[in-house]
Amino acid sequence: MLTLFSNAYNYTASITVGYIGVDVDLWLWMTWLLWPLIVTFLLPLTIVLLFYITGVILYVYKLHRERLINAYENNFWDGALKTVAALWDAHGWIWHGYEVNGIENVPIDSPALLVYYHGAIPIDLYYMISRIYLIKAKLVHTVADHFLFKLPGWSIISEPLKVIPGTVQTCSDILKENNLLAISPGGVYEAQFGDRYYRLMWKKRFGFAKVAIDAKVPIIPIFTQNIREAFRCIGIGRRFWLRIYLWTRLPIVPIYGGFPVKLRTHIGKPIPYDPNLSAEDLQKKVASAIEELIFQHQKVPGNILRALCERVYNPLGCSKKKT
């Protein structure tokens, strides 16, 4: 009996090995057969990538060469930051046709709190900070989620770019030192669970309002048109992802996109400091200001194809929401 089972096992094993051998041979044969086709598509993509890199370099040289030369003559970090800002600005211009409306509302000689809507990936924030730094020579400090500070290598980015985890007192101290500070009250929660209807997801978060009141600074509302069409979080299994997020507080919802849609940041009029407003009332006032920017400049629900078309065709009123 044992001999019978042994013979059967050896026979089955030999068949399995045979099939594996056939699969390997078939895979190698298909690779060899399709290799010319792969190369045919790979080389054009390489050329496109080279053109893209060339465009970035020439854009930086054309628009920012004098700023970079002056920055490197001053100090190391200023030169490095201007170079990084120029690269991000070039990427935004080439890939998204990035524009900023209302940059004159950002002060140079006085502090202000910049409050923005958080997309799935806040790439618009990177573009906006870069543009402000290049044009106004004013570095915007940024509040980021705590999980980022646990990532290897994050310190080399957060230190020169002034990215902080941010408590009320820390944020207030930064503003009192005559700096600009950017905060998204929705944070990771809004980034992960917001959708193409662009609803604010701030819950009862009004820490930013306490910061502005304590520092006695104005708040500047900010919204970027089509930011939800550039990157999106998958909508399948929303309840499952929400439970995991509430348990871990980590951004684990899968993200897809990187679409070259039109991005246009709208910087609203400053909301001045009012000692008579409570933190709750100030939060509502800022939320209303951002919702007004969304109403004026974003078609809801967002549509990726329409946002792509806006790169080349933007008729009168195209950025307005239809009712």
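Residues numbered from 1 in each chain as written. Predicted model: local features only at pLDDT ≥ 70, side-chain atom pairs only at ≥ 80, totals over all residues. Heavy atoms only, no water.

- As annotated in an unreviewed UniProt entry, the protein is Phospholipid/glycerol acyltransferase domain-containing protein from Aphis glycines.

**Some thoughts on the overall build of the protein**
Turning to step 1, where the next piece is worked out: For the protein, the count of helices and strands is 11 helices and 9 strands.
Turning to step 2, where the next piece is worked out: Within the span of the protein, comprising 323 residues, buried residues form 42% of the whole.
Turning to step 3, where the next piece is worked out: Taking as baseline every contact in the protein between residues at least 6 positions apart, the subset at least 24 positions apart corresponds to 79%.
Turning to step 4, where the next piece is worked out: Total accessible area on the protein stands at roughly 18700 Å², and carbon and sulfur atoms take up 66% of it. (Helix = DSSP H or I, 4+ residues; strand = E, 2+ residues; numbered from the N terminus. Buried < 20%, exposed > 50% of the residue type's maximum accessible area, 1.4 Å probe, protein only. Contact = heavy atoms within 4.5 Å. Areas by Shrake-Rupley, 256 points an atom, 1.4 Å probe, with all protein chains shown as cover.)

**Things to note about the packing of aromatic side chains**
Turning to step 1, where the next piece is worked out: Throughout the structure, instances matching the rule amount to 12 aromatic pairs.
Turning to step 2, where the next piece is worked out: On the numbers, 5.7 Å between centres and 40° between planes, the contact of Tyr 117 with Tyr 198 is tilted. In this pair, Tyr 117 is assigned in the loop between β2 (112-116) and α3 (123-136) and Tyr 198 in the loop between α6 (187-193) and α7 (207-215), connecting sequence segments 81 residues apart.
Turning to step 3, where the next piece is worked out: Tyr 117 sits in the buried class, given a relative accessible area of 1%.
Turning to step 4, where the next piece is worked out: Among the aromatic residues, ring-to-ring pairing joins Trp 88, Tyr 98, Tyr 126 and Tyr 127 into one connected group.
Turning to step 5, where the next piece is worked out: We note Lys 203 situated over the ring of Tyr 189; from NZ or CZ to the ring centre the distance is 4.2 Å. (Phe/Tyr/Trp six-rings, centres within 6.5 Å; stacked < 30°, edge-to-face > 60°. Lys NZ or Arg CZ within 6 Å of the ring centre and 35° of its normal.)

**Points about a nonpolar patch on the surface**
Turning to step 1, where the next piece is worked out: Nonpolar side chains collect at one region of the surface, where Trp 77, Ile 156 and Ile 157 lie side by side and expose about 300 Å² of accessible area between them.
Turning to step 2, where the next piece is worked out: Ile 157 sits in the partly exposed class, given a relative accessible area of 38%. (Patch = residues over 30% accessible without salt bridge, like charges linked within 9 Å, V, L, I, M, F, W, Y side chains within 5 Å. Salt bridge = Lys/Arg side-chain N within 4 Å of Asp/Glu carboxyl O.)

**A closer look at the pairing of strand β6 (residues 219-225)**
Turning to step 1, where the next piece is worked out: In terms of residue burial, β6 counts as a mostly covered element, since 7 of its 7 residues are buried.
Turning to step 2, where the next piece is worked out: Taken together, the 4 bridges between β2 and β6 define a ladder with parallel strand orientation. Bridge pairing in β6 links Leu 113 to Ile 219.
Turning to step 3, where the next piece is worked out: Two elements, β6 and strand β9 (residues 264-267), share 4 bridges in a ladder whose sense is antiparallel. (Pairing = 2+ DSSP bridges.)

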